[in-house]
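Listed here are the chains, written in short residue letters.
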Amino acid sequence: MYAIVRAGGRQHKVAVGDVLEIDRIDAKPGDSVELSTILVVDGDAVTSDPWVLGGVKAHAEVVDQTKGEKLVILRYKNKTGYRRRQGHRQKHTAVRITSIDSVSK
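Since this is a predicted model, take the numbers as computed values, not measurements.

Right, let's get into the overall build of the chain. Secondary structure assignment for the chain yields one helix and seven strands. Reading the chain from its N end, one meets helices and strands in the order β-β-β-β-β-α-β-β. Over its C-alpha trace the chain gives a radius of gyration of 19 Å, far above what one expects of a compact globule, namely 13 Å for 105 residues. For the C-alpha atoms alone, the extent of the chain along its principal axes is close to 65 × 30 × 20 Å. For the chain, the residues scored as buried account for 26% of the 105 residues in total.

Below you can see the structure in the form of structure tokens.
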């Protein structure tokens, strides 16, 4: 069984036991969070009806708060001496999927 969940404006394919990095959420390691599902695949049964999936959640446990890779942003205009350098590290939350609710029709 796997599900497509929405977290931080992105969609992720998850199964029970998977660890994934999502955009930072305000939770401490050990806390449990719920992710809304978009699609659930259980064997041959594929469920994508929003009315049915309204109550189906993927439960996850927060593992760690981390930072991503450093991105270097360079701005340059020739013949003017204009140069700017800026760095950015996106904050992430690592979560482990503990369970996915079953779809009851």
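Moving on from the coordinates now.
What follows concerns a positive patch on the surface. Taken together, the side chains of Lys67, Lys70, Arg85, Arg89 and Lys91 define a basic patch exposed on the protein surface. Examining the composition of the positive patch, we find that three residues originate from one element, strand E7 (residues 82–100), more than from any other. Among the secondary structure elements, Arg89 is positioned in strand E7.

By the secondary structure assignment, Thr93 is in strand E7. According to the relative accessible area criterion, Thr93 is buried, its value standing at 0%. Here the side chain of Thr93 touches Ile25 through a polar contact of 3.1 Å, landing on its backbone nitrogen. There is a polar contact of 2.8 Å between the side chain of Thr93 and the side chain of Gln65. Setting aside residues up to four positions removed in sequence, Thr93 forms contacts with Leu20, Glu21, Ile22, Asp23, Arg24, Ile25, Val62, Asp64 and Gln65.

Before going further, it helps to examine the pairing of E7. The two faces of the sheet receive side chains in turn, since in a regular strand these alternate between them. The pairing of strand E3 (residues 19–23) with E7 spans five bridges and is classified as antiparallel. Across the sheet, Leu20 pairs through a bridge with Val95, a residue of E7. Where strand E6 (residues 57–77) and E7 come together, 17 bridges link them in antiparallel fashion. Across the sheet, residue Ile73 finds its bridge partner in E7, namely Gln86. Linkage of E6 to E7, two consecutive antiparallel strands, is achieved through a turn of four residues, within which Lys79 is found at a positive phi near 70°.

A few words on the environment of Lys70. With respect to the helices and strands, the residue Lys70 is situated in strand E6. Look at Lys70 and you get exposed, because its relative accessible area is 56%. For the pair Lys70 and Gln90, spaced 20 residues apart in sequence, the C-alpha to C-alpha distance is 7.9 Å. For Lys70, the residues in contact, after removing those within four places along its chain, are Gly87, His88 and Arg89.

Following the criterion strictly, the structure yields two salt bridges and no others. The shortest N-O distance in the salt bridge between Asp26 and Arg24 comes to 2.7 Å. Since its relative accessible area comes to 42%, Arg24 is described here as partly exposed.

Conventions we followed
Residues numbered from 1 in each chain as written. Predicted model: local features only at pLDDT ≥ 70, side-chain atom pairs only at ≥ 80, totals over all residues. Heavy atoms only, no water. Helix = DSSP H or I, 4+ residues; strand = E, 2+ residues; numbered from the N terminus. Rg over C-alpha atoms; globule rule 2.2 N^0.38 Å. Buried < 20%, exposed > 50% of the residue type's maximum accessible area, 1.4 Å probe, protein only. Patch = residues over 30% accessible without salt bridge, like charges linked within 9 Å, V, L, I, M, F, W, Y side chains within 5 Å. Areas by Shrake-Rupley, 256 points an atom, 1.4 Å probe, with all protein chains shown as cover. Salt bridge = Lys/Arg side-chain N within 4 Å of Asp/Glu carboxyl O. Lys, Arg positive; Asp, Glu negative; His and termini not counted. Charge placed at Lys NZ, Arg CZ, Asp CG, Glu CD. Polar contact = N/O pair within 3.5 Å; in protein donor to acceptor, adjacent residues only side chain to side chain. Contact = heavy atoms within 4.5 Å. Pairing = 2+ DSSP bridges.

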